[in-house]
Amino acid sequence: MLGMTLTRFIIEQQRQFPGVSGRFTSLLEGITTAAKIIGREVNKAGLAETMGLTGRINVHGEQVQKLDEFANTTIIHALDHTGLLAAMASEEMEDFYPIPDPHARGPYILVFDPVDGSSNIDVNVSIGTIFSIYRPPGSAAATAESFLRPGREQLCAGYFVYGSSTMLVYTTGRGVHGFTLDPTIGEFLLSHESIRIPERGAIYSVNEGNAAGWSSGVRAYVDSRKEGGCSARYIGSLVSDFHRNLLKGGVFLYPGDRKSPEGKLRLLYEASPLAFVAEQAGGAASNGTGPILDLAPKTLHQRVPLAIGSRLDVEEFEAAVSGEAPGGD
């Protein structure tokens, strides 16, 4: 029912599974609270000191934006005391964050990219937050290995878009639903129920500035999109590019190249969560040789090539690059 609050929607979904504790519902509510705070800062970025660099370099060798640091801290502080999480891992932190108080630890682990596309905030381009929830194996304290799980073990994944409106899109393995924040009442309201991505799209999204380093298969695939009359749409913010293609159809590509054979996107924080959303919406996500969701990361910050979006478009990309080494000709 369009206009239903997120809380009511989650509760009604929960009623389909008698005996559940409700802790998962509370965890999603905690994540949305953090997103509201981040969205508030994004909306006043030109007036507050949330733009620009901190002067710090993160684990990936990248300059840390002030907003990255703010969002990372906001998510941790919103959830570290709730008794819902055993640990968290973030794209901005070198190691995982165990919940320090053993009495405040819970049954889930959370991974997140606090601000995807944060370098775009200075020019007022949409950015977002990506998140994913797992249940760690066993009852022992969480370790780094607790996070090294194939994407198919995700319990929930989704993202927030901070743009002309703030929107949440998420899945728990039973379809994909979108909620838009009504700022007048501070509630996320159901606006996109049971999202389905078209089997084929008319949009391709890729940074063609990297074309000189692509393999012949990648170049041939992108050329085929152009020859087929597809439109090029590339924002440079993964969440924004993926969100548009999810609703309208299309494919987003960040393949490996000579400079970065394994691509630049992180498997745990970006590729796997969005792959879960894509598959639940009828789309697909691949590293060029197989489904992203079948991959288990070997490290917390492992990178992976990514093709994600409409199912037939992704299958055609796989066929174009089959048998090639990443970034090779």
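Our structure is the block above this text.
Definitions and limits used
- Residues numbered from 1 in each chain as written.
- Predicted model: local features only at pLDDT ≥ 70, side-chain atom pairs only at ≥ 80, totals over all residues.
- Heavy atoms only, no water.
- Helix = DSSP H or I, 4+ residues; strand = E, 2+ residues; numbered from the N terminus.
- Buried < 20%, exposed > 50% of the residue type's maximum accessible area, 1.4 Å probe, protein only.
- Contact = heavy atoms within 4.5 Å.
- Areas by Shrake-Rupley, 256 points an atom, 1.4 Å probe, with all protein chains shown as cover.
- Core = buried A, V, L, I, M, F, W, Y, C linked by side-chain atoms within 4.5 Å.
- Phe/Tyr/Trp six-rings, centres within 6.5 Å; stacked < 30°, edge-to-face > 60°.
- Pairing = 2+ DSSP bridges.
- Axes fitted to C-alpha atoms, helices over the stretch in contact; angles between N-to-C directions.
- Salt bridge = Lys/Arg side-chain N within 4 Å of Asp/Glu carboxyl O.
- Parallel < 35°, antiparallel > 145°, perpendicular 65-115°, else oblique.
- Left-handed = near helix turned anticlockwise from the far one by under 90°.
- Nonpolar A, V, L, I, M, F, W, Y, C, P; charged D, E, K, R; others polar.

Turning next to the overall build of the protein. Each helix and strand in the protein was counted, giving seven helices and 17 strands. Across the 329 residues of the protein, 53% fall into the buried class. Within the protein, contacts between residues separated by at least 24 positions form 65% of all contacts whose residues are at least 6 apart in sequence. For the protein, the computed accessible surface area is about 13800 Å², with 51% contributed by carbon and sulfur atoms.

This part takes up the nonpolar core. Counting 40 residues, the largest nonpolar core has Leu-110, Phe-131, Ile-133 and Tyr-170 as the members making the most contacts within it. The greatest single-element share of this core, amounting to eight residues, is contributed by helix α2 (residues 23–43). With residues up to four places along the chain from it excluded, the contact list for Tyr-170 reads Leu-6, Phe-9, Ile-10, Leu-28, Phe-131, Cys-156, Ala-157, Gly-158, Gly-175, Val-176, His-177 and Phe-179. The next biggest cluster of nonpolar side chains, apart from the first, holds 30 residues, and it includes Ile-130, Ala-157, Val-169 and Leu-274.

A few words now on the packing of aromatic side chains. Summed over the entire model, instances satisfying the criterion amount to nine aromatic pairs. Their ring planes at 85 degrees and their centres at 5.3 Å tell us that Tyr-221 and Phe-317 sit as a pair that is edge-to-face. Note that Tyr-221 is positioned in helix α4 (residues 216–227) and Phe-317 in helix α7 (residues 311–321), a separation of 96 residues in sequence. Each member of the pair Tyr-221 and Phe-317 is classed as buried. Taken together, Phe-9, Tyr-170 and Phe-179 form an aromatic cluster joined through their ring pairs.

To continue, consider the sheet that holds strand β10 (residues 187–192). Pairing within the open sheet is mixed, and its eight strands lie in the order β4-β3-β5-β6-β7-β8-β9-β10. Edge positions in the sheet fall to β4 (97–98) and β10, since each has one partner strand and no second. Set on the sheet, α2 makes contact with β3 (85–90), β5 (108–116), β6 (127–134), β7 (156–162), β8 (166–171), β9 (176–182) and β10; between it and β7 the angle comes to about 20 degrees. Of the strands in this sheet, β3, β4, β5 and β6 are in contact with helix α3 (residues 66–79), which crosses β5 at around 155 degrees.

With the rule as written, the count across this model stands at 14 salt bridges. Note that Arg-244 and Asp-241 form a salt bridge whose closest N and O atoms lie 3.0 Å from each other. Of this pair, Arg-244 and Asp-241 both sit in helix α5 (residues 238–248), three residues apart, roughly one helical turn. Several salt bridges share partner residues, and in doing so they unite Arg-200, Arg-225, Asp-313 and Glu-316 into one network.

Note that Asp-313 resides in helix α7. Overall, the relative accessible area of 0% leaves Asp-313 in the buried class. With near-sequence residues (within four places) excluded, Asp-313 lies in contact with Glu-199, Arg-200, Gly-201, Tyr-221, Arg-225, Gly-250 and Val-251.

Between α2 and α3, the least distance of the axes is 9 Å, while the angle of their chain directions is 150 degrees. In this view, α2 runs roughly antiparallel relative to α3, as classed from their interaxial angle. Considering only the axes of α2 and α3, their crossing is right-handed. Taken together, the residues of α3 that come into contact with α2 (itself represented by Leu-27, Gly-30, Ile-31, Ala-34, Ile-37, Ile-38, Glu-41 and Val-42) are Leu-67, Phe-70, Ala-71, Thr-74, Ile-75, Ala-78 and Leu-79. Taken together, the residues that form the contact of α2 with α3 break down as 12 nonpolar, two polar and one charged.

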